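Examining the three-dimensional arrangement
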Amino acid sequence: MIRSASKRPVHAARGEAAEIAVFRQRVSVRVGQVLKGARFAPGTNGKAKILMSLVELDIARDLHPVDVIEHVANTNEWSFERTGSDEIAISVAGSWADYHVSFSWMEDFEALHLACAFDIKVPENRALEVMRLLSLINEQMLFGHFDLWEQEGAIMFRQSLLLSGGAEPTSQQVEVLLHSALEACECYFPAFQFVVWSGSNARDALANVLFETRGNA
């Protein structure tokens, strides 16, 4: 025997309908917010494919990251130049050379970028061997990496400090970031000298530097 479904009160049905309408409205608003921050790309079968991106938040920082670096430079009596609101250049004397350190605040990535260059001009005929040396050195780096700016023939060390979500750098973080960069440059500067000025191959140059480093440890 088939029983017919029992009839529900009219006011209960209207109440559920109102709740469903509110729920649909909330979902529609949420989808609109998500799609506003999404990117679209061609998909298959003529349909668009949504490339989701992180929701962008307008986060106000109490202190500009470069202001912290300027404070650290003043405290340590380093020579510096504030080249812009998002950039500062610092000159530091090392054992092998004078290092030119540039800090740049990259707002789109919420990252503080460091580039440390030293005065070694790489001639075109030694560029390939220098790139081999870069590869060998970077294999040993836990943080940061060396790079060759071929147009200028300049070698630099690069590293970034991520400050997502409105985080602000501390003086200690800035000092550690700079110290690690200078330490890497001081350690491997002789290897670049051997390759560029003495004509050594990359493996021999690196082996000599590491042998001297361990011997002085």
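Residues numbered from 1 in each chain as written. Predicted model: local features only at pLDDT ≥ 70, side-chain atom pairs only at ≥ 80, totals over all residues. Heavy atoms only, no water.

1. Description of the packing of aromatic side chains
All chains considered together, the criterion is met by six aromatic pairs. Between the aromatic rings of F118 and F189, the centroid separation amounts to 5.2 Å while the plane-to-plane angle is 75°, which identifies the pairing as edge-to-face. A residue pair is termed long-range when its members are at least 10 positions apart, and F118 in strand β6 (residues 111-118) and F189 in helix α4 (residues 171-196) qualify at 71 residues. F189 matches F118 in its accessibility class, with the two residues each being buried. Ring centres of F146 and Y188 lie 6.0 Å apart, and the angle between their planes is 80°; this geometry places the pair in the edge-to-face category. One end of the pair, F146, is in strand β7 (residues 145-149); the other, Y188, is in helix α4, and 42 residues separate them in sequence. (Phe/Tyr/Trp six-rings, centres within 6.5 Å; stacked < 30°, edge-to-face > 60°. Helix = DSSP H or I, 4+ residues; strand = E, 2+ residues; numbered from the N terminus. Buried < 20%, exposed > 50% of the residue type's maximum accessible area, 1.4 Å probe, protein only.)

2. Some points on the pairing of strand β4 (residues 87-93)
Regular strands place side chains that alternate from one sheet face to the opposite one. Burial along β4 is one-sided: I88, I90 and V92 are buried, while E87, A89, S91 and A93, pointing the other way, are not. Across four bridges, the pairing between strand β3 (residues 79-84) and β4 is antiparallel. Across the sheet, E81 pairs through a bridge with A89, a residue of β4. The turn linking β3 back onto β4 is made up of two residues. Remark: four residues form the turn of the hairpin made by β4 and strand β5 (residues 98-106), two consecutive strands paired antiparallel. (Pairing = 2+ DSSP bridges.)

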